[in-house]
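Commentary on secondary and tertiary structure
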Amino acid sequence: MTTEGPGGYYFGRAESASAQVLSLRDAPMPYAPTQNWAGAMVMVVNGRGTGQYARVASTDGAAPGMSIALDRPLQVTLDQTSEVTIVQAHENYLIIDNFFEDTGVAAQSFGTALGHVMAENRSNRTSGFAAIGLAYGHFQPCWRIQILDNQILEGNVYRAGPDQDVLSNEALIFVRANQNATAAGRPPLVQAVIVRGNRLDQDAHIQVQGFSTTSPGVRDVVIEANTTGPSRIGLVVDRGVAFWLGRRNVEATRIGR
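**Side note on the overall build of the chain**
- Along the chain, the regular secondary structure elements total zero helices and 27 strands.
- A globule of 257 residues ought to have a C-alpha radius of gyration of about 18 Å, and the chain, at 19 Å, matches this closely.
- Its C-alpha atoms give the chain principal-axis dimensions of about 60 × 30 × 30 Å.
- Once local pairs closer than 6 in sequence are excluded, the contacts in the chain between residues at least 24 apart make up 68%.
- Approximately 11300 Å² of the chain is accessible, and the part contributed by carbon and sulfur atoms is 48%.
- The chain carries 20 positive and 23 negative side-chain charges, and their two centres are separated by 4 Å.

What follows is the structure, encoded as structure tokens:
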């Protein structure tokens, strides 16, 4: 099960003309998914007002200088430092109480995701569960994802992985940003993720990757009360992750490769 967000409409600077109208300062994407932007998700990813989101109600004019009306007012107005991405909405998916077996990946958000919950699922010989933000034809963030109380029974996988890049390895609970920005101050692709209460019986581990040390691709992650059985790696967090908390996790003794 994967979301596979299909591109987007706009990524660039935006300023508030009013609490419910934004003026776009850059050109839109040349190959948008549709000509009608109504219902698309507006996510403030950088600068003043970061973390807010709304839907497009209507558009007016041509970029640069194009304006969009939102379906609700923003609590914090945007200024010349603000950047937004406008993408097709993938919001509030509930993936609960399923059993996945002998497949490439059990369940993942891949590209744009907002408010998804993966909870109380079981996985047997899959790549596991993932929250992945990436530049996938567009800047596609992954925000406010909860991976809760899932169980990986048998983690060995062969020719699998979230993007089919694993020849043979362990299963994962995987939070990743395919961050391609190298300059400092660029927006993260993944933000506000909770990984809690998961049970990884064997040959599985938890991994969080943001890749860029100068501009971390992942931030604000809680990894709490998870149990990992015999595996080769354990918990892995790279230097591209900013502001993460790990506590009350139980890990069995590592085993050799």
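**Brief notes about unusual backbone geometry**
- Despite not being glycine, Asn92 has its phi angle at roughly 60°, a positive value.
- Here Asn92 is to be found in the loop between β6 (83–87) and β7 (94–96).
- Notably, Asp203 is not glycine yet its phi reads approximately 50°, a positive angle.
- The topology assignment puts Asp203 in the loop between β21 (199–200) and β22 (204–209).

**Observations regarding the sheet that holds strand β12 (residues 122–124)**
- The parallel open sheet is built from six strands, whose spatial order is β8-β12-β16-β21-β24-β27. What marks the edges here is a single partner per strand, and that holds for β8 (99–101) and β27 (250–251).
- In this structure, strand β16 (residues 151–154) lies alongside β21, joined through two bridges in parallel fashion. Residue pairing for β21: Ile152 is matched across the bridge by Leu200.

**Side note on the sheet that holds strand β3 (residues 41–46)**
- Judged by pairing direction, the barrel is antiparallel, and its six strands sit side by side in the order β1-β2-β5-β4-β3-β6 before closing back on the first. On average, adjacent strands in this sheet sit at an angle of 45° to one another, irrespective of strand direction.

**Regarding the nonpolar core**
- Of all hydrophobic cores here, the largest spans 35 residues; its most connected members are Phe129, Ile145, Ile173, Val190 and Val218.
- Only β3, β10 (113–114), β13 (128–135), β15 (142–148), β19 (171–178), β20 (190–196), β22 and β23 (218–224) provide two or more residues apiece to this core.
- Core analysis: the next-biggest nonpolar cluster, separate from the first, contains 18 residues, Tyr10, Leu24, Leu70 and Ile86 among them.

**Considering the side chain of Gln52**
- Here Gln52 is to be found in the loop between β3 and β4 (53–60).
- Each residue touching Gln52, except ones within four places of it in the same chain, is listed here: Val42, Met43, Val44, Leu74, Gln75, Val76, Leu78 and Trp143.

**What about the packing of aromatic side chains?**
- In total, this model carries four aromatic pairs according to the counting rule given.
- Arranged with centres 4.5 Å apart and planes meeting at 5°, the rings of Phe11 and Phe139 form a pair that is stacked. Here the residue Phe11 occupies a position in strand β1 (residues 8–18), and Phe139 occupies one in strand β14 (residues 139–140), the gap between them amounting to 128 residues.
- For Phe139, a relative accessible area of 11% puts it in the buried group.

**Things to note about the pairing of β13**
- Along β13, seven of the eight residues are buried, which leaves the element largely enclosed by surrounding structure.
- Note: strand β9 (residues 107–110) against β13, four bridges, orientation parallel. Its bridge partner lying in β13, Phe110 is registered against Ile132.
- Sheet topology places β13 next to β19; seven bridges connect them, and they run parallel. Residue pairing across strands places Leu134 opposite Asn178, the latter belonging to β19.
- When β13 meets β14, the two strands line up antiparallel, connected through two bridges. Within the sheet, the bridge partner assigned to Leu134 lies in β14 and is Gln140.
- What sits between β13 and β14 in their antiparallel hairpin is a turn of three residues, with Gly137 showing a positive phi close to 75°.

Rules of the game
Residues numbered from 1 in each chain as written. Predicted model: local features only at pLDDT ≥ 70, side-chain atom pairs only at ≥ 80, totals over all residues. Heavy atoms only, no water. Helix = DSSP H or I, 4+ residues; strand = E, 2+ residues; numbered from the N terminus. Rg over C-alpha atoms; globule rule 2.2 N^0.38 Å. Contact = heavy atoms within 4.5 Å. Areas by Shrake-Rupley, 256 points an atom, 1.4 Å probe, with all protein chains shown as cover. Lys, Arg positive; Asp, Glu negative; His and termini not counted. Charge placed at Lys NZ, Arg CZ, Asp CG, Glu CD. Pairing = 2+ DSSP bridges. Axes fitted to C-alpha atoms, helices over the stretch in contact; angles between N-to-C directions. Core = buried A, V, L, I, M, F, W, Y, C linked by side-chain atoms within 4.5 Å. Buried < 20%, exposed > 50% of the residue type's maximum accessible area, 1.4 Å probe, protein only. Phe/Tyr/Trp six-rings, centres within 6.5 Å; stacked < 30°, edge-to-face > 60°.

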